[in-house]
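Structure at a glance
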Amino acid sequence: MMLNLDGIIGGSSALVQVFKVLAKVAPTDSTVLVSGESGTGKELLVRALHRNSTRRDNAFVPINCGAIPRELLESELFGHEKGAFTHAIRTRPGRFELADGGTIFLDEIGEMDLSLQVKILRALQEKEIERVGGTCIKKVDVRVVAATNRDLEEEVRAGRFREDLFYRLNVIPMHLPPLRERGSDILLLAEHFLSSHCRTKERKALCLTERAREMLLTYSWPGNVRELENFMERLSILCDSGEVAPEDLPEKIFHDIGEKPLRKVVEVEPARPAGFVWPTLKDMEDKGLKLKDFLETIEGRLLEEALAQCDGVKNKAAEMVGIKRTTLIEKLKKRELL
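If you're wondering where the values come from, they're calculated on a predicted model, not measured in any experiment. Starting from 1, residues in each chain are numbered consecutively following that chain's sequence as written. Whole-chain, interface and lining totals are the exception, using all residues; otherwise, since this is a predicted model, local features are given only for residues with pLDDT of at least 70 and side-chain atom pairs are given and counted only at 80 or more. To obtain the side-chain values, all non-hydrogen atoms of the structure were used and water was disregarded.

**Some words on the overall build of the protein chain**
When helices and strands are tallied, the protein chain shows 15 helices and 11 strands. Radius of gyration: C-alpha atoms only; globule rule: 2.2 Å multiplied by the number of residues to the exponent 0.38. Its C-alpha atoms give the protein chain a radius of gyration of 35 Å, clearly above 20 Å, the size a compact globule of 338 residues would have. Reported as C-alpha extents along the three principal axes, the dimensions of the protein chain are approximately 105 × 55 × 40 Å. Taken across its 338 residues, the protein chain has 39% of its residues classed as buried. Any two residues whose heavy atoms approach within 4.5 Å at even a single point are treated as in contact. Sequence-distant contacts in the protein chain: of pairs separated by 6 or more residues, those separated by 24 or more amount to 69%. Entry remark: accessible area of the protein chain is about 19,700 Å², with carbon and sulfur atoms responsible for 51%. For this count, His and the chain ends are skipped, Lys and Arg are scored as positive, and Asp and Glu as negative. For the purpose of locating charges, the reference atoms are NZ of Lys, CZ of Arg, CG of Asp and CD of Glu. Here the protein chain contributes 52 positively and 55 negatively charged side chains, and the mean placements of these two sets differ by 3 Å. Helix and strand assignments follow DSSP, with helices taken as H or I runs no shorter than four residues and strands as E runs no shorter than two, numbered in order from the N terminus. The rule is simple: take the accessible area with a 1.4 Å probe, protein chains only, and divide by the maximum for that residue type; under 20% is buried, over 50% is exposed, in between is partly exposed. For every accessible area listed, the method is Shrake-Rupley and the probe measures 1.4 Å; residues are considered covered only by the protein chains on display.

Quick look at the structure:
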């Protein structure tokens, strides 16, 4: 069977093992439980499962069980009848009904309240649901795929997850490895994301230096693929040169791999004419002056030069240095140049 893996990038041995299981389980209607750390791409894997199933032409309906308030989740899953609760102004089908004939994806199922877990178990066992406020049972033909970043066996031991539901979901377990265990996939993904974001932002493609590549391979990637993509988008905006060097990488990478962060030195000195040299602290110290006297001396030299170039005509000299004639005269008197 030729798998449709659109959107999943990588060929590491850890990922190949996942693909082998995917090829076997996709054509069946068995319930699948996908585990893996946050950001590893669990939804991409579940979508691939649906695309390669016999239900591919029907609906794929995802729902994040951790993102919807507990009191609203039951209605989202099973629907409700008009008047079932405040603001239920019309009858509304739930996700199970919308997925009829297709696949429903229960993401972050480990966050689900125990009271709802009972109803999910019934939907799995009996393939039937009841809307909130309803009185009739509806048959639904759905394939259920769940995902979690929690250890559900530990959740069962702690009493936070129903044991019977766990075993009903865990018919086919699939574990998506963290990015740090996927070896060269890190660079494949980094180059893909970097190229994609550069193209989106209409800038010339960036490449990774050899040392930057080594550092990306060494970093532990606690945020997994999601963190890698965020880093690459940041680089596509902030990197000034045509290649990504170590000093372009975030400081947390240096800290994680035990190296001291490198910093680029950026000149912020104002533009100036060629050959001009700004006075320095050493110049002031060499004259044995404090700041006020040093500035007074510089100002006096400039006024003398302006007068000399204007043959002593004060109007012209004042215009040259950008001050009023009366101000020039006051400054000259102060220095006893009149």
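**Description of the packing of helix α13 (residues 291-309) against helix α15 (residues 325-334)**
Between α13 and α15, whose axes approach to 11 Å, the crossing angle comes to 115 degrees. In this structure, the crossing between α13 and α15 has a hand that is left-handed. Residue-level contacts link Glu296, Glu299, Leu303 and Leu307 of α13 to Leu328, Lys331, Leu332 and Lys334 of α15. Of the residues contributing to the contact of α13 with α15, the split by class is four nonpolar, no polar and four charged. All axes here are fitted lines through C-alpha atoms, helices being fitted over the stretch that makes contact, and every angle between N-to-C directions spans 0 to 180 degrees. With the far helix as reference, a near helix turned anticlockwise by less than a right angle produces a left-handed crossing, and one turned clockwise produces a right-handed crossing. Think of it as three bins: nonpolar holds Ala, Val, Leu, Ile, Met, Phe, Trp, Tyr, Cys and Pro, charged holds Asp, Glu, Lys and Arg, and polar takes everything else, Gly as well.

**Re the sheet that holds strand β1 (residues 32-35)**
By this definition, two strands are paired if DSSP reports at least two bridges between them. Sheet architecture is open: five strands sit in the order β2-β5-β8-β1-β9, paired in parallel fashion. On the outer flanks of this sheet lie β2 (60-64) and β9 (172-175), each paired with one strand and no other. Strand-to-strand twist of the sheet, defined as the mean angle between neighbouring strand axes without regard to direction, takes the value 20 degrees. One ladder, built from four bridges, connects β1 with strand β8 (residues 143-148); its direction is parallel. Among the inter-strand pairings, Leu33 is bridged to a residue of β8, identified as Ala146. Set on the sheet, helix α2 (residues 42-51) makes contact with β1, β2, β5 (103-107), β8 and β9; between it and β2 the angle comes to about 155 degrees.

**Observations concerning the pairing of β1**
As paired strands, β1 and β9 are joined by four bridges and run parallel to one another. Looking at the pairing, Val34 lines up with Met174 of β9.

**Some words on unusual backbone geometry**
Even without a glycine there, the phi angle at Glu108 is positive, about 50 degrees. Counting through the fold element by element, Glu108 comes out in the loop between β5 and α5 (114-126). If you check the backbone angles, Trp221 has positive phi at about 50 degrees while not being a glycine.

**With respect to the pattern of salt bridges**
What makes a salt bridge here is a side-chain nitrogen of Lys or Arg within 4 Å of a carboxyl oxygen of Asp or Glu, nothing more. Within the structure shown, the criterion is met by 24 salt bridges. Residues Glu76 and Arg92 are paired through a salt bridge, measuring 3.2 Å at the closest nitrogen-oxygen approach. With Glu76 in helix α3 (residues 70-78) and Arg92 in strand β4 (residues 92-93), this pair connects stretches of sequence that are 16 residues apart. Members of the salt-bridge network, linked through shared partners, are Glu111, Arg150, Glu155 and Arg160.

**Examining the environment of Glu299**
Looking at where Glu299 falls in the secondary structure, it is placed in helix α13. Separated by 32 residues in sequence, Glu299 and Lys331 place their C-alpha atoms 9.2 Å apart. With residues up to four places along the chain from it excluded, the contact list for Glu299 reads Lys331 and Arg335.

**Observations regarding the side chain of Arg131**
On the secondary structure map, Arg131 appears in the loop between β6 (128-129) and β7 (138-139). In this structure Arg131 comes out as buried when scored by relative accessible area, which is 14%. Counting of polar contacts relies on pairs of N or O atoms within 3.5 Å, with two restrictions inside protein: one atom must be capable of donating a hydrogen and the other of accepting it, and residues adjacent in sequence are counted only when both atoms are side-chain atoms. Within the structure, the side chain of Arg131 is placed 2.9 Å from the side chain of Glu97, a separation counted as a polar contact. With near-sequence residues (within four places) excluded, Arg131 lies in contact with Phe78, Gly79, His80, Glu81, Thr91, Arg92, Pro93, Glu97 and Lys138.

**What to know about the nonpolar core**
We define a nonpolar core as any set of buried Ala, Val, Leu, Ile, Met, Phe, Trp, Tyr and Cys residues linked to one another through side-chain atoms lying within 4.5 Å. The biggest cluster of nonpolar side chains holds 30 residues, and the ones touching the most others in it are Leu77, Phe96, Leu106 and Ile120. At the level of elements, β2, α3, β5, α5, β8, α6 (152-157) and α7 (163-169) are the ones that each hand at least two residues to this core. Considering each element in turn, this core owes the most residues, five residues, to α5. Aside from chain neighbours lying at most four places away, what touches Leu77 is Ile63, Gly94, Arg95, Phe96, Leu106, Met112, Leu116 and Ile120. Among the nonpolar cores identified, the runner-up in size contains 25 residues, and Leu189, Ala190, Leu208 and Leu235 belong to it.

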